[in-house]
Amino acid sequence: MQGVAILGIGQVPVGEHWDKRLVELAGDAIFAALEDAQIKRVEALYVGNMMAGQLDKQSHLGALISDWVGFRGIEAMTVEAACGSGALALRTAMVAVGSGLVSSALAVGVEKMTDTSPRETTAALATAASADWESIHGVTFVGLNALIMRRYMYEYGWKHEDFAPFSINSHANGALNPNARFQSPITKEIYLKAPMIADPINLMDASPIGDGAAAAVVVPLDLVKGMNHRPLVKIAGSAVATDSLAVHDRHDPLWLTAAEKSARVAYNQAGIGPDEVDFFEIHDAFSIMAALSLEACGFAERGQGPRLALEGEITREGSIPIATLGGLKARGHPVGATGMYQVVEAVQQLRGEAGPAQIEGAKIGLTQNIGGSGATVISHVLMTE
Amino acid sequence: MDIPRHWRLNKQRYALTGEVCPHCQAKIFPPRDVCPECGGEAKTEFGFSGKGEIYSYTNIYNAPEGYEENIPYTVALVKLEEGPMITAQLTDLGDQPLEIGMPVEMITRKIRSDGDERGLLIYGYKFRPLVSA
Ligand SMILES: [Zn+2]
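All values reported here derive from a predicted model rather than from experimental measurement.

(A) Up close: the overall build of chain A. When helices and strands are tallied, chain A shows 14 helices and 11 strands. Taken against the 2.2 N^0.38 rule, which gives 21 Å for 385 residues, the C-alpha radius of gyration of chain A at 19 Å falls within 12% of a compact globule. Along the three orthogonal principal directions, the C-alpha set of chain A runs to about 55 × 45 × 40 Å. Out of the 385 residues in chain A, the part that is buried amounts to 62%. Counted over contacts in chain A with a minimum sequence separation of 6, partners at least 24 positions apart contribute 77%.

The structure is reproduced here in C-alpha cells:
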C-alpha cells in the first residue's frame, strides 16, 4: 500500500433542499471538491448512501452520479453500511488508490431525506437494524439507542441531565459552522425541557436528519507531496470493524466492540495513541453514542464518557474537542453523507480552514462513523504531512 | 411485507423455538445455525420457556408505518432465563411501574397490521409481567 492524501474537499450545507434532487446535491459537493483539489477528473467514484432505494426509489447511484458530473465510463459504485456509508466511501477510495489500481478517486456521501413523510423516513432508518428480530417489534432506531441509554444510566448511575454537555457542546460548535443545519447555541434549560421521543432520549439528545452531500478527492501521497500551497492532509489510519447487527445479540450492549477495534487498528496504522489525537469528529447521533464512542476510542474509562463531558474536556478548549463543527447533533445527520462530512470537517481543521471553530495547532484528527447501533464502525486518523 | 417471509418464522414467533449448540451447550435465539459462542454448527432445536427479565425498556412515541395504532407502546430488551436476550414489546402492563430486572413471560399477540393492500396481520411474541403461579 502506498500513502494516500486528501487533495480536495467539498460540501453542501445540511438542510431541507426542496429545490435540489439527489444527483444535484452530490454533484455540488463533487464539483466543489474537484475545484478545491484543482483537478478536472478522477478515475473512480465511490458513493456512500443508505436510503436512495427506499426514499428516492433510485438505486444504482454510482453510474447515475458519475454520468451526472460528466465522468461517464469511469469505475463507480455505491457502498452501504447504514449510517456508516459515508466513511465507507472514503475507505473504499483509499484502498483503491493505496493499492495502485486507481490513480485518483472521489468519495462522496449523499442522502436526500426530506421529500418523504417522517413515518416513511423512520421506517427506512429502521432497516439499519435487524428486520426480522428488532424492527418487526416496532422498535425504532431512536428506540434502540434509548434501550442502551436507560441500561447505561442504570449500570453507571448517571442522570439524564449528565448528558447535557454533549448537546450543548455540539450546538455551540455548530453555531460557528455555516454548513450546519442548526446554528444557534442551546442552554441546559432547553436541553432539560425538550420533548421526549423515546425515554430517556429527548429531542435534544437526538441528531436531526437532513439533505446533504460531502465529497473528497483522494490521490497518492507521493504525487502531491511538496506542492505546498497549503497543509497537505494524509490518511494515516483507516479501519472498518463489525459487530452483531442486533443490539440484543451482544454480550455487553453497553460496549461498542467494533468502535474499539476499528479505532485501535487505525491508531496502530498511524503509530499513535488516543493521547496524541488533537480533536475527534464523533458520531453523536445520540448523546449516548457520543459517550460510548469516547470510551471505545480510549478517551474515557468504561461508563465514564459523561464525566469527560461534564468536566469540559470535550469543548474546543478541552483535552479532546469533539464535534468541532457541530457534529451530527448540530451540523445534522444526512445518514449516508454523515461520514464524509466528518472527513471534510477534519480536513478543514487540519488545514487551518475551520474559521471561528478552528482548533489551534490541530495536527492529528480522528473521525469515527457508526452504522446502525454499532454494527459497522469506520475509523480514520487524518494527519498533516 | 410478504406472507412467506413471516410464515417461515412462525415457530420462533409463536413458540420461541431456538437452538442448542451440541458442542458448548449454548442456548441460541433466534436460530442462526452457527453457534455465536464457539463457532460450531448448531442446528438442534430447543424450545425456550418464555420466562425472563427486563434488561432495559423504552416507550416509542414516533412509530414507523404499521405501528401507529398503539402509540405510545413499550419495547424492551428481555434477558431470557436460558441466556439469550431478545427485543420485544411489553403488554398488559396495567398500572404497574416498569423497572429493570422485573420478571416477565411470553404471550402471543398481534405485532403489527400491515398498511398495504393485503392488510396482513402479523402475530408473535410479546412479554407481560409474570403472573405468579
Ligand atoms: Zn457452541
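Alright, that's what it looks like, and here's the rest.
(B) The overall build of chain B, seen in detail. The helix and strand inventory of chain B stands at two helices and eight strands. Listed by position from the N terminus, the elements making up chain B come as α-α-β-β-β-β-β-β-β-β. Dimensions of chain B along its principal axes, counting C-alpha atoms only, are 45 × 40 × 25 Å. Counting the 133 residues in chain B, one finds 32% classified as buried. Looking at chain B alone, contacts between residues at least 24 apart form 47% of all its contacts between residues at least 6 apart.

(C) Representation of the sheet that holds strand β2 (residues 27–28) of chain B. All names here are of chain B. Across the sheet, three strands lie side by side as β2-β1-β3; this open sheet has antiparallel pairing. The open sheet has two free edges, formed respectively by β2 and β3 (44–47), since each of these has just one partner strand. Across two bridges, the pairing between strand β1 (residues 17–20) and β2 is antiparallel. Opposite Val-20, over in β2, you have Lys-27 as the bridge partner.

(D) Expanded view of the interface of chain B and chain A. Residue-level contacts link 26 residues of chain B with 26 residues of chain A. Of all the secondary structure elements, the ones that give two or more residues to the side of chain B that touches chain A are β4 (51–60), β5 (73–80), β6 (85–90) and β7 (103–113) of chain B. In terms of residue class, the side of chain B that touches chain A is built from 18 nonpolar, six polar and two charged.

(E) Seen up close, unusual backbone geometry. Residues and elements named next belong to chain B. The omega angle of the peptide bond from Phe-29 to Pro-30 is -10 degrees, so this bond is cis rather than trans. Among the secondary structure elements, Pro-30 is positioned in the loop between β2 and β3. Of note, the bond from Ile-71 into Pro-72 is cis; its omega dihedral lies within 30 degrees of zero at -10 degrees. For Gln-25, which is not glycine, the phi dihedral falls at a positive 70 degrees. Topologically, Gln-25 is positioned in the loop between β1 and β2. For Gln-25, a count of 12 C-beta atoms within 10 Å puts it in the exposed group.

(F) Representation of the domain arrangement of chain A within the structure. All names here are of chain A. Domain annotation for chain A reports domain 1 (4–117 + 210–224) and domain 2 (129–206 + 236–384). Each of domain 1 and domain 2 has a C-alpha centre, and these two points are 23 Å apart. Listed per partner, the contact involves 35 residues of domain 1 and 31 residues of domain 2. Contributions of two or more residues to the side of domain 1 that touches domain 2 are made by β1 (4–11), α4 (85–99), β4 (105–111) and β7 (212–220). Here the side of domain 1 that touches domain 2 gets eight residues from one element, more than from any other, and that element is α4. Of the residues that constitute the side of domain 1 that touches domain 2, the class distribution is 22 nonpolar, 10 polar and three charged.

(G) Helix α14 (residues 338–351) of chain A, seen in detail. Residues and elements named next belong to chain A. The end-to-end C-alpha distance of α14, which contains 14 residues, comes to 20 Å, matching closely the 20 Å that a straight helix rising 1.5 Å per residue would cover. Among the 14 residues of α14, 13 are classified as buried, and the element is accordingly described as predominantly covered. Directly after α14, the chain includes Gly-352, whose backbone phi takes a positive value near 80 degrees.

(H) Structural view of the packing of helix α1 (residues 22–37) of chain A against helix α3 (residues 61–68) of chain A. Residues and elements named next belong to chain A. With their axes 10 Å apart at the nearest point, α1 and α3 run at an angle of 60 degrees to one another. Between α1 and α3, the angle is such that the two are oblique. For the crossing formed where α1 meets α3, the hand is right-handed. Residue-level inspection shows Val-23, Ala-26 and Gly-27 of α1 in contact with α3, the latter providing Leu-64, Ile-65 and Trp-68. A per-class count over the contact of α1 with α3 returns five nonpolar, one polar and no charged.

(I) Broad picture of the nonpolar core. All names here are of chain A. Core analysis: the largest hydrophobic core is formed by 169 residues, its most contacted members being Ala-107, Val-108, Ala-216 and Met-340. For this core, the element with the most residues is α1, which contributes nine residues. Mapping this core onto the domain boundaries places at least three of its residues in each of domain 1 (4–117 + 210–224) and domain 2 (129–206 + 236–384). Formed by seven residues, the second largest nonpolar core is a distinct cluster that contains Val-14, Ala-180, Ala-354 and Ala-357.

(J) Just the pairing of β1 of chain B, in detail. Residue and element names in this part refer to chain B. Sheet topology note: the β1/β3 ladder contains four bridges and is antiparallel. Looking at β3, one finds that Gly-18 is bridged to Phe-46. Taken together, β1 and the strand that follows it, β2, pair antiparallel across an intervening segment of six residues, in which Gln-25 is found at a positive phi of about 70 degrees.

(K) Representation of the sheet that holds strand β8 (residues 233–242) of chain A. Residue and element names in this part refer to chain A. Spatially, β3-β2-β4-β7-β1-β8-β11-β10-β9 is the arrangement adopted by the nine strands of the open sheet, whose pairing is mixed. Each of the sheet's edge strands pairs with one partner strand only, and the pair in question is β3 (75–79) and β9 (279–281). Direction aside, neighbouring strands of the sheet carry axes that sit 25 degrees apart on average. Taken together, the two bridges between β1 and β8 define a ladder with antiparallel strand orientation. Counterpart to Ile-6 in the pairing with β8 is Val-233. Strands β1, β2 (44–48), β3, β4, β7, β8, β10 (364–371) and β11 (376–384) of the sheet are contacted by α4, whose axis makes an angle of about 170 degrees with β4.

Reading the values: the criteria
- Residues numbered from 1 in each chain as written.
- Chains lettered and ligands numbered in written order.
- Predicted model: local features only at pLDDT ≥ 70, side-chain atom pairs only at ≥ 80, totals over all residues.
- Helix = DSSP H or I, 4+ residues; strand = E, 2+ residues; numbered from the N terminus.
- Rg over C-alpha atoms; globule rule 2.2 N^0.38 Å.
- Buried ≥ 20, exposed ≤ 12 C-beta atoms within 10 Å, placed from the backbone.
- Contact = placed C-beta atoms within 7 Å.
- Pairing = 2+ DSSP bridges.
- Nonpolar A, V, L, I, M, F, W, Y, C, P; charged D, E, K, R; others polar.
- Domains from an automatic or database assignment.
- Expected span 1.5 Å × (residues − 1).
- Axes fitted to C-alpha atoms, helices over the stretch in contact; angles between N-to-C directions.
- Parallel < 35°, antiparallel > 145°, perpendicular 65-115°, else oblique.
- Left-handed = near helix turned anticlockwise from the far one by under 90°.
- Core = buried A, V, L, I, M, F, W, Y, C linked by C-beta atoms within 7 Å.

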